[in-house]
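Fold and contact review
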Amino acid sequence: MSSLDAAARSAGVSRKTNETDIALDFNVDGTGISELETDVPFLNHMLDLFTKHGQFDLRVKAKGDIEIDDHHTVEDIGICLGQTFREALGDKKGIKRYASVYVPMDEALAQVIVDISNRPHFEYRAEYPSQQVGSFDTELVHEFLWKLALEARITLHVIVHYGHNTHHMIEAVFKALGRALDEATTVDPRVTGVPSTKGVL
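**Quick notes on the pattern of salt bridges**
Applying the stated rule across the entire model yields 12 salt bridges. Here Asp76 ties to Arg15 by a salt bridge, and the two come within 3.4 Å at their closest N and O atoms. Of the two residues, Asp76 sits in helix α3 (residues 71-89) while Arg15 sits in strand β1 (residues 10-16), which places them 61 residues apart along the sequence. Given the relative accessible area of 2%, Asp76 is considered buried. Residue classification places Arg15 among the partly exposed residues on the basis of a relative accessible area of 26%. Of the charged contacts in the structure, one is a salt bridge between Arg59 and Glu35, with a shortest N-O distance of 3.3 Å. Within this pair, whereas Arg59 is found in strand β4 (residues 57-64), its partner Glu35 is found in strand β3 (residues 33-37), the two being separated by 24 residues in sequence. Accessibility expressed as a relative area gives 22% for Arg59, which makes it partly exposed.

**Brief notes about unusual backbone geometry**
Even without a glycine there, the phi angle at Gln55 is positive, about 55°. Along the chain, Gln55 turns up in the loop between α2 (41-54) and β4. For Gln55, a relative accessible area of 35% puts it in the partly exposed group. Positive phi outside glycine occurs at Arg153, with the angle close to 55°. Looking at the element boundaries, Arg153 is found in the loop between α4 (139-152) and β10 (155-162).

**Regarding the sheet that holds β1**
The four strands are arranged β1-β2-β4-β3 in an open sheet whose pairing can be described as mixed. A single partner strand is all that each edge strand has here, and the edge strands are β1 and β3. Strand after strand, the sheet turns through a mean of 5° between neighbouring axes, direction not considered. Relative to strand β2 (residues 20-27), β1 runs antiparallel, the two sharing seven bridges. Within β2, the residue paired with Lys16 across the bridge is Asp21. Sitting on the sheet, α2 touches β2, β3 and β4, and the angle it makes with β3 is about 165°. Of the strands in this sheet, β1, β2 and β4 are in contact with α3, which crosses β2 at around 35°.

**Observations regarding the side chain of Thr185**
Relative to the helices and strands, Thr185 resides in helix α5 (residues 166-185). If near-sequence neighbours (up to four positions away) are discounted, Thr185 is found in contact with Arg9, Val28, Phe85, Leu89 and Ile95.

**A few points about the sheet that holds strand β6 (residues 108-115)**
The strand order β5-β6-β10-β7 describes an open sheet built from four strands, whose pairing is mixed. Looking at strand neighbours, the two that pair on one side only are β5 (98-105) and β7 (121-125), the edges of this open sheet. The average angle at which neighbouring strand axes cross in this sheet is 10°, direction not considered. Strand direction decides the pairing type here: β5 and β6, joined by eight bridges, are antiparallel. Note that in β6 the partner of Met105 across the bridge is Ala108. Each of β7 and β10 is contacted by α4, which is oriented at about 155° to β7, the strand it contacts most. On the sheet, α5 packs against β5, β6 and β10 and is oriented at approximately 150° with respect to β5.

**Re the side chain of Asp70**
Along the chain, Asp70 falls in the loop between β4 and α3. Contacts of Asp70, omitting those with residues within four sequence positions, involve Val40, Ser135, Phe136 and Leu140.

**Some points on the pairing of β2**
Hairpin remark: β1 followed by β2, antiparallel, with three residues in the connecting loop. Relative to β4, β2 is paired through eight bridges, and the arrangement is antiparallel. Paired with Asp21 across the strands is Lys63, a residue of β4.

Thresholds applied
- Residues numbered from 1 in each chain as written.
- Predicted model: local features only at pLDDT ≥ 70, side-chain atom pairs only at ≥ 80, totals over all residues.
- Heavy atoms only, no water.
- Salt bridge = Lys/Arg side-chain N within 4 Å of Asp/Glu carboxyl O.
- Helix = DSSP H or I, 4+ residues; strand = E, 2+ residues; numbered from the N terminus.
- Buried < 20%, exposed > 50% of the residue type's maximum accessible area, 1.4 Å probe, protein only.
- Pairing = 2+ DSSP bridges.
- Axes fitted to C-alpha atoms, helices over the stretch in contact; angles between N-to-C directions.
- Contact = heavy atoms within 4.5 Å.

Rendered as structure tokens:
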């Protein structure tokens, strides 16, 4: 993934604790390339969708204490992704800042609204028919998104309007997340400096 190292808006982080060992590289201006090695197959699938639909490049190598459960691995990948996202954007000059994206996945419909605000906030409206997809606990979607928003210092609202299949509903969320962050981070040539009357984001 050579574009990861060449792009201006890219960053990497390593995080090692008693619970996880993670190396993550993220490129805002990518081409949808993902290299994912984690112990959580469903998260690999969701991150692949996020990367492809956001036109990012993402490399993740993660080992965690999955003999306990997937919680620490999912949470810490969210933390690392948020940190690299924030670092990669730099001073945020010229970005669109806001985005609202709806994505359908068969019978399911998800909406993701973002503000690259430097004010971390997370709102989540989702009720899933099942508590697990395979071995993956659906409550970990909230944990991942909340830690991403916190570390990226963005305002993130996620609404799953309806659906019957839990896999489809979560898939729609990750696709919408990728597309929303892609739109919000797009550089608009009409924007001078940062898109804020404060003069800073």
